[in-house]
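Report on the structure
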Amino acid sequence: MGTTLTMSTFDAPARPLNIPLPIDPPEGGWTWPPTSVTLIAGEDDAVLIDTLPTVEDSAELADWIEASGKRLTHVFITHAHVDHYLGTAALKARFPGVKVVSTAATARFIAEEQKTRRDTTAYAAIFADDIVGEIVIPEALPADGRIDLEGHDIIGVPTGQSDLSESSYAWVPELSAAVVGDIAYNDVHVPLFESSSEARRGWIATLREIQSRAPRVVIASHRKADAVNDAGSLAKTIEYVELGDELLSADPRPSLAEFVARVVEADPSRANITTLIYSGAVQGLR
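Below, the structure is looked at part by part. Position numbers for residues count from 1 along each chain, tracking the sequence in the order it is written. Local features in a predicted model are, by the rule used here, given only for residues with pLDDT of at least 70; side-chain atom pairs are given and counted only at 80 or more, and totals for whole chains, interfaces and linings are based on all residues. As a convention, hydrogens and water are excluded, and side-chain values are obtained from all of the structure's heavy atoms.

Each Phe, Tyr or Trp ring, with Trp reduced to its six-membered ring, pairs with another whose centre is within 6.5 Å; inter-plane angles below 30 degrees give stacked pairs, above 60 give edge-to-face pairs, and intermediate values give tilted ones. On inspection of all chains with the given rule, the structure shows five aromatic pairs. Centroid distance W32 to F127: 5.3 Å. Interplanar angle 45°. Geometry classified as tilted. One end of the pair, W32, is in strand β3 (residues 31-32); the other, F127, is in the loop between α5 (118-126) and β8 (139-140), with 95 residues separating them in the sequence. Comparing W32 with F127, the two get one shared label, buried. For a Lys NZ or an Arg CZ to count as sitting over a ring, it must be within 6 Å of the ring centre and within 35 degrees of the ring normal. Note that R213 overlies the ring of W171, its terminal NZ or CZ placed 4.7 Å from the centroid. Starting at the N terminus, helices and strands are each numbered in turn, a helix being any DSSP run of H or I of at least four residues and a strand any DSSP run of E of at least two. Only protein chains enter the calculation, and the probe is 1.4 Å; a residue is then buried if its accessible area is under 20% of its type maximum, exposed if over 50%, and partly exposed in between.

The structure is reproduced here in C-alpha coordinates:
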(Lines give C-alpha, C1' and ligand atoms only; values in the text may rest on other atoms or scores of the structure.)
Protein backbone atom coordinates (compact mmCIF):
# COMPACT_ATOMS: atom_id res chain seq x y z
CA MET A 1 0.00 0.00 0.00
CA GLY A 2 2.64 2.45 -1.09
CA THR A 3 0.41 4.81 -3.06
CA THR A 4 -1.70 7.67 -1.75
CA LEU A 5 -5.32 7.96 -2.74
CA THR A 6 -6.50 10.89 -4.83
CA MET A 7 -9.97 12.38 -5.24
CA SER A 8 -11.41 14.23 -8.21
CA THR A 9 -14.91 15.33 -9.21
CA PHE A 10 -16.83 15.25 -12.46
CA ASP A 11 -19.10 18.27 -12.45
CA ALA A 12 -22.29 18.18 -14.49
CA PRO A 13 -24.05 21.51 -15.10
CA ALA A 14 -27.59 22.45 -14.14
CA ARG A 15 -30.13 20.80 -16.44
CA PRO A 16 -33.47 22.22 -17.69
CA LEU A 17 -36.72 20.98 -16.18
CA ASN A 18 -40.39 21.15 -17.08
CA ILE A 19 -42.09 21.61 -13.71
CA PRO A 20 -45.92 21.83 -13.72
CA LEU A 21 -46.31 24.59 -11.12
CA PRO A 22 -48.98 27.30 -11.47
CA ILE A 23 -46.39 30.04 -10.92
CA ASP A 24 -43.92 31.78 -13.19
CA PRO A 25 -40.49 30.10 -13.42
CA PRO A 26 -37.41 32.01 -12.24
CA GLU A 27 -35.17 33.83 -14.67
CA GLY A 28 -33.50 31.19 -16.85
CA GLY A 29 -36.32 28.71 -16.30
CA TRP A 30 -36.69 25.74 -13.98
CA THR A 31 -33.44 23.80 -13.52
CA TRP A 32 -32.07 20.70 -11.83
CA PRO A 33 -29.05 21.70 -9.70
CA PRO A 34 -25.45 21.18 -10.79
CA THR A 35 -24.28 17.73 -9.72
CA SER A 36 -20.86 16.31 -8.92
CA VAL A 37 -19.71 12.72 -8.64
CA THR A 38 -16.42 11.76 -7.02
CA LEU A 39 -13.71 9.39 -8.23
CA ILE A 40 -11.40 8.03 -5.53
CA ALA A 41 -8.32 6.57 -7.20
CA GLY A 42 -5.32 4.49 -6.26
CA GLU A 43 -2.41 3.63 -8.51
CA ASP A 44 -4.43 1.50 -10.95
CA ASP A 45 -8.00 1.18 -9.64
CA ALA A 46 -10.77 3.58 -8.68
CA VAL A 47 -14.11 3.78 -6.88
CA LEU A 48 -16.89 6.12 -8.01
CA ILE A 49 -19.33 7.68 -5.56
CA ASP A 50 -22.79 8.04 -7.15
CA THR A 51 -23.76 8.49 -10.80
CA LEU A 52 -25.64 10.97 -13.02
CA PRO A 53 -29.19 10.57 -14.36
CA THR A 54 -29.12 11.90 -17.93
CA VAL A 55 -27.94 9.91 -20.94
CA GLU A 56 -25.65 12.74 -22.02
CA ASP A 57 -24.01 13.27 -18.64
CA SER A 58 -23.61 9.53 -18.09
CA ALA A 59 -21.77 9.14 -21.40
CA GLU A 60 -19.48 12.08 -20.63
CA LEU A 61 -18.82 10.69 -17.14
CA ALA A 62 -17.84 7.32 -18.61
CA ASP A 63 -15.48 9.07 -21.05
CA TRP A 64 -13.92 10.98 -18.15
CA ILE A 65 -13.35 7.82 -16.12
CA GLU A 66 -11.88 6.05 -19.14
CA ALA A 67 -9.54 8.98 -19.79
CA SER A 68 -8.27 8.74 -16.21
CA GLY A 69 -6.62 5.44 -17.09
CA LYS A 70 -7.97 3.83 -13.93
CA ARG A 71 -9.90 0.55 -13.72
CA LEU A 72 -13.31 1.24 -12.21
CA THR A 73 -13.86 -1.50 -9.62
CA HIS A 74 -16.85 -0.18 -7.63
CA VAL A 75 -19.68 2.32 -7.77
CA PHE A 76 -21.00 3.24 -4.31
CA ILE A 77 -24.53 4.68 -4.25
CA THR A 78 -25.10 6.98 -1.27
CA HIS A 79 -28.92 6.94 -1.30
CA ALA A 80 -31.97 6.04 -3.32
CA HIS A 81 -32.76 9.27 -5.16
CA VAL A 82 -32.88 8.33 -8.82
CA ASP A 83 -30.51 11.10 -9.90
CA HIS A 84 -27.79 9.32 -7.92
CA TYR A 85 -28.22 5.79 -9.22
CA LEU A 86 -29.89 5.83 -12.64
CA GLY A 87 -26.57 6.29 -14.44
CA THR A 88 -25.33 2.97 -13.05
CA ALA A 89 -26.58 1.01 -16.06
CA ALA A 90 -24.62 3.21 -18.47
CA LEU A 91 -21.45 2.72 -16.44
CA LYS A 92 -21.91 -1.06 -16.28
CA ALA A 93 -22.25 -1.10 -20.06
CA ARG A 94 -18.94 0.75 -20.43
CA PHE A 95 -17.14 -0.99 -17.54
CA PRO A 96 -18.63 -4.54 -17.40
CA GLY A 97 -16.59 -5.69 -14.41
CA VAL A 98 -17.67 -2.90 -12.09
CA LYS A 99 -19.39 -3.84 -8.83
CA VAL A 100 -22.30 -1.64 -7.71
CA VAL A 101 -22.73 -1.41 -3.93
CA SER A 102 -24.69 0.52 -1.30
CA THR A 103 -25.94 0.16 2.24
CA ALA A 104 -28.66 -2.45 2.73
CA ALA A 105 -31.31 0.24 3.22
CA THR A 106 -30.43 1.98 -0.04
CA ALA A 107 -30.46 -1.34 -1.91
CA ARG A 108 -33.97 -2.05 -0.56
CA PHE A 109 -35.26 1.35 -1.68
CA ILE A 110 -33.83 0.88 -5.18
CA ALA A 111 -35.27 -2.64 -5.44
CA GLU A 112 -38.70 -1.22 -4.60
CA GLU A 113 -38.31 1.50 -7.24
CA GLN A 114 -37.43 -1.15 -9.82
CA LYS A 115 -40.85 -2.68 -9.13
CA THR A 116 -42.92 0.52 -9.04
CA ARG A 117 -40.89 2.91 -11.25
CA ARG A 118 -42.74 5.70 -9.47
CA ASP A 119 -39.80 8.11 -9.15
CA THR A 120 -38.28 7.13 -12.50
CA THR A 121 -41.54 7.99 -14.26
CA ALA A 122 -41.79 11.31 -12.42
CA TYR A 123 -38.21 12.30 -13.27
CA ALA A 124 -38.64 11.34 -16.93
CA ALA A 125 -41.65 13.67 -17.10
CA ILE A 126 -39.85 16.75 -15.74
CA PHE A 127 -36.35 16.40 -17.23
CA ALA A 128 -36.01 18.11 -20.60
CA ASP A 129 -33.06 15.78 -21.34
CA ASP A 130 -33.35 12.01 -21.73
CA ILE A 131 -32.63 10.09 -18.54
CA VAL A 132 -31.27 6.57 -18.23
CA GLY A 133 -34.16 4.10 -18.02
CA GLU A 134 -32.64 0.89 -16.65
CA ILE A 135 -32.44 0.41 -12.88
CA VAL A 136 -29.56 -1.59 -11.39
CA ILE A 137 -30.02 -2.85 -7.83
CA PRO A 138 -26.80 -2.51 -5.81
CA GLU A 139 -25.30 -5.28 -3.76
CA ALA A 140 -25.51 -4.52 -0.03
CA LEU A 141 -22.17 -3.85 1.61
CA PRO A 142 -21.01 -6.09 4.47
CA ALA A 143 -21.74 -4.98 8.02
CA ASP A 144 -18.45 -3.08 8.30
CA GLY A 145 -19.26 -1.10 5.14
CA ARG A 146 -15.76 -1.64 3.79
CA ILE A 147 -14.77 -1.25 0.14
CA ASP A 148 -11.16 -2.23 -0.56
CA LEU A 149 -9.25 0.00 -2.97
CA GLU A 150 -5.75 -1.44 -3.39
CA GLY A 151 -5.53 -2.03 0.36
CA HIS A 152 -7.02 1.34 1.29
CA ASP A 153 -10.36 1.51 3.10
CA ILE A 154 -13.42 3.33 1.85
CA ILE A 155 -16.28 2.92 4.31
CA GLY A 156 -19.95 3.23 3.43
CA VAL A 157 -21.50 4.74 6.56
CA PRO A 158 -25.30 4.53 7.01
CA THR A 159 -26.77 7.66 8.59
CA GLY A 160 -30.52 7.65 8.43
CA GLN A 161 -32.13 11.02 7.70
CA SER A 162 -30.95 13.57 5.15
CA ASP A 163 -33.28 14.81 2.43
CA LEU A 164 -34.32 11.14 2.36
CA SER A 165 -35.20 8.94 5.33
CA GLU A 166 -32.25 6.56 4.77
CA SER A 167 -28.94 7.90 3.53
CA SER A 168 -25.22 7.22 3.78
CA TYR A 169 -21.84 8.67 2.93
CA ALA A 170 -18.42 7.41 1.93
CA TRP A 171 -15.73 7.89 4.56
CA VAL A 172 -12.08 7.77 3.44
CA PRO A 173 -10.05 7.59 6.69
CA GLU A 174 -6.68 8.05 5.01
CA LEU A 175 -7.77 11.41 3.56
CA SER A 176 -10.09 12.43 6.41
CA ALA A 177 -12.67 12.84 3.66
CA ALA A 178 -16.44 12.43 3.57
CA VAL A 179 -18.30 12.18 0.26
CA VAL A 180 -21.75 12.98 1.54
CA GLY A 181 -24.23 12.69 -1.33
CA ASP A 182 -27.29 14.79 -0.47
CA ILE A 183 -26.55 15.10 3.24
CA ALA A 184 -24.89 18.49 2.64
CA TYR A 185 -25.28 21.03 -0.16
CA ASN A 186 -22.38 23.28 -1.11
CA ASP A 187 -23.49 26.75 -2.25
CA VAL A 188 -26.61 25.26 -3.89
CA HIS A 189 -30.13 25.58 -2.49
CA VAL A 190 -31.22 22.74 -0.20
CA PRO A 191 -34.42 20.76 -0.96
CA LEU A 192 -36.96 20.90 1.86
CA PHE A 193 -40.00 19.73 -0.07
CA GLU A 194 -40.11 16.16 1.30
CA SER A 195 -39.39 17.13 4.89
CA SER A 196 -41.38 17.45 8.09
CA SER A 197 -40.06 19.34 11.10
CA GLU A 198 -39.09 16.01 12.68
CA ALA A 199 -37.22 14.98 9.52
CA ARG A 200 -35.42 18.32 9.39
CA ARG A 201 -34.24 17.87 12.97
CA GLY A 202 -33.06 14.36 12.09
CA TRP A 203 -31.18 15.77 9.11
CA ILE A 204 -29.41 18.28 11.34
CA ALA A 205 -28.43 15.45 13.69
CA THR A 206 -26.92 13.57 10.73
CA LEU A 207 -24.90 16.62 9.74
CA ARG A 208 -23.61 17.02 13.28
CA GLU A 209 -22.66 13.36 13.39
CA ILE A 210 -20.41 13.90 10.36
CA GLN A 211 -19.02 17.10 11.91
CA SER A 212 -17.95 15.02 14.93
CA ARG A 213 -15.45 13.22 12.69
CA ALA A 214 -13.76 16.58 12.02
CA PRO A 215 -13.29 15.81 8.31
CA ARG A 216 -10.76 17.86 6.38
CA VAL A 217 -12.57 17.22 3.07
CA VAL A 218 -16.34 17.18 2.49
CA ILE A 219 -17.70 16.71 -1.03
CA ALA A 220 -21.41 17.27 -1.61
CA SER A 221 -23.20 15.92 -4.65
CA HIS A 222 -24.92 19.22 -5.38
CA ARG A 223 -22.30 21.92 -5.35
CA LYS A 224 -21.00 24.76 -7.43
CA ALA A 225 -18.13 23.46 -9.54
CA ASP A 226 -15.74 25.97 -7.92
CA ALA A 227 -16.96 25.40 -4.36
CA VAL A 228 -14.40 24.66 -1.64
CA ASN A 229 -14.74 21.04 -0.51
CA ASP A 230 -14.35 21.47 3.23
CA ALA A 231 -16.42 21.02 6.36
CA GLY A 232 -17.91 24.48 5.99
CA SER A 233 -20.65 22.97 3.81
CA LEU A 234 -21.85 20.94 6.81
CA ALA A 235 -22.25 24.02 9.00
CA LYS A 236 -23.86 26.03 6.23
CA THR A 237 -26.35 23.25 5.49
CA ILE A 238 -27.27 23.11 9.19
CA GLU A 239 -27.93 26.87 9.14
CA TYR A 240 -30.07 26.52 6.01
CA VAL A 241 -32.16 23.62 7.34
CA GLU A 242 -32.61 25.38 10.70
CA LEU A 243 -33.90 28.52 8.96
CA GLY A 244 -36.14 26.47 6.70
CA ASP A 245 -37.57 24.66 9.71
CA GLU A 246 -38.17 27.94 11.53
CA LEU A 247 -40.05 29.42 8.58
CA LEU A 248 -42.04 26.29 7.68
CA SER A 249 -43.01 25.68 11.32
CA ALA A 250 -44.09 29.30 11.97
CA ASP A 251 -47.69 30.18 12.76
CA PRO A 252 -48.71 31.92 10.64
CA ARG A 253 -46.40 30.66 7.92
CA PRO A 254 -44.88 33.07 5.40
CA SER A 255 -46.10 33.41 1.86
CA LEU A 256 -44.06 31.68 -0.84
CA ALA A 257 -42.53 35.03 -1.85
CA GLU A 258 -41.64 35.83 1.76
CA PHE A 259 -40.14 32.37 2.28
CA VAL A 260 -37.95 32.68 -0.81
CA ALA A 261 -36.87 36.21 0.11
CA ARG A 262 -35.91 35.25 3.68
CA VAL A 263 -33.80 32.28 2.60
CA VAL A 264 -32.08 34.20 -0.20
CA GLU A 265 -31.36 37.11 2.15
CA ALA A 266 -29.71 34.73 4.61
CA ASP A 267 -27.59 32.97 1.97
CA PRO A 268 -27.57 34.97 -1.28
CA SER A 269 -24.80 33.12 -3.11
CA ARG A 270 -26.56 29.75 -3.42
CA ALA A 271 -27.32 28.50 -6.93
CA ASN A 272 -30.47 26.91 -8.36
CA ILE A 273 -33.31 28.90 -6.90
CA THR A 274 -35.69 26.39 -8.53
CA THR A 275 -35.07 24.11 -5.54
CA LEU A 276 -36.04 26.82 -3.06
CA ILE A 277 -39.21 27.87 -4.90
CA TYR A 278 -40.28 24.26 -5.43
CA SER A 279 -39.66 23.45 -1.76
CA GLY A 280 -41.93 26.25 -0.60
CA ALA A 281 -44.63 25.44 -3.14
CA VAL A 282 -44.73 21.73 -2.30
CA GLN A 283 -44.84 22.64 1.40
CA GLY A 284 -48.08 24.48 0.64
CA LEU A 285 -46.87 28.09 0.67
CA ARG A 286 -48.67 30.38 -1.76
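Another aspect to go through is the pairing of strand β11 (residues 167-172). When you tally the buried positions in β11, you get six out of six residues, the bulk of the element. Burial along β11 is two-sided: S167, Y169 and W171 facing one way and S168, A170 and V172 facing the other are all buried. Strands were regarded as paired on the criterion that DSSP finds at least two bridges between them. The pairing of strand β10 (residues 152-160) with β11 spans five bridges and is antiparallel. Paired with G156 across the two strands is A170, which belongs to β11. Where β10 folds back on β11, the antiparallel hairpin that results is connected by six residues. Counting the residues between successive antiparallel strands, the hairpin from β11 to strand β12 (residues 177-181) contains four residues, one of them, S176, with a positive phi of roughly 50°.

On to the environment of R223. On the secondary structure map, R223 appears in the loop between β13 (217-220) and α7 (232-248). With relative accessibility at 2%, the residue R223 sits in the buried group. Spatially, the C-alpha atom of R223 lies 9.9 Å from that of P13, the residues being 210 residues apart in sequence. Residues in contact with R223, not counting those within four places in the same chain, are T9, D11, P34, S36, N186, V188 and N229. What qualifies as a polar contact is a pair of N or O atoms within 3.5 Å, subject to a donor-acceptor requirement within protein and to the restriction that residues adjacent in sequence count only when both atoms come from side chains. At 3.1 Å, the side chain of R223 and the side chain of S36 are in polar contact. Among the polar contacts made by the side chain of R223, one reaches the main-chain carbonyl oxygen of A227 at a distance of 3.3 Å. Between two residues, a contact is recorded if the distance between any of their heavy atoms is within 4.5 Å.

Another point: the nonpolar core. Ranked by size, the top nonpolar core spans 69 residues in total, and within it L48, V180 and F259 carry the most contacts. Among the elements that take part in this core, α7 stands out by supplying seven residues, more than any other. Residues in contact with F259, not counting those within four places in the same chain, are L192, L247, L248, P254, L276, G280 and L285. Side-chain atoms within 4.5 Å link the members of a nonpolar core, which is a set of buried Ala, Val, Leu, Ile, Met, Phe, Trp, Tyr and Cys residues.

Let's shift gears to empty space enclosed by the protein. Points on a 1 Å grid, built from protein atoms alone, make a cavity when a 1.4 Å probe fits but cannot get out and make a pocket when they are open with protein on both sides within 12 Å along at least 5 of 7 lines; residues with an atom within 4 Å of a point are the lining residues. Grid points are joined across faces, edges and corners, and a volume is the space filled by probe spheres set on the points. Summed over the entire model, instances satisfying the criterion amount to two cavities of 30 Å³ or more. A volume near 50 Å³ is recorded for the largest cavity. As for the largest cavity, its lining consists of A12, P13, R15, W32, P33, T35, L52, P53, T54, D57 and F127. Looking at side-chain class alone, the lining of the largest cavity contains seven nonpolar, two polar and two charged residues. In this structure, the second largest cavity occupies an estimated 30 Å³ of space. Forming the walls of the second largest cavity are S36, V37, T38, I49, D50, V179, I219, A220 and S221. Listed by contribution, the elements that provide at least two residues to the lining of the second largest cavity are β4 (35-41) and β13. Element by element, the count of residues in the lining of the second largest cavity is highest for β4, at three residues. The nonpolar class holds Ala, Val, Leu, Ile, Met, Phe, Trp, Tyr, Cys and Pro. Asp, Glu, Lys and Arg form the charged class, and all remaining residues, Gly among them, are polar.

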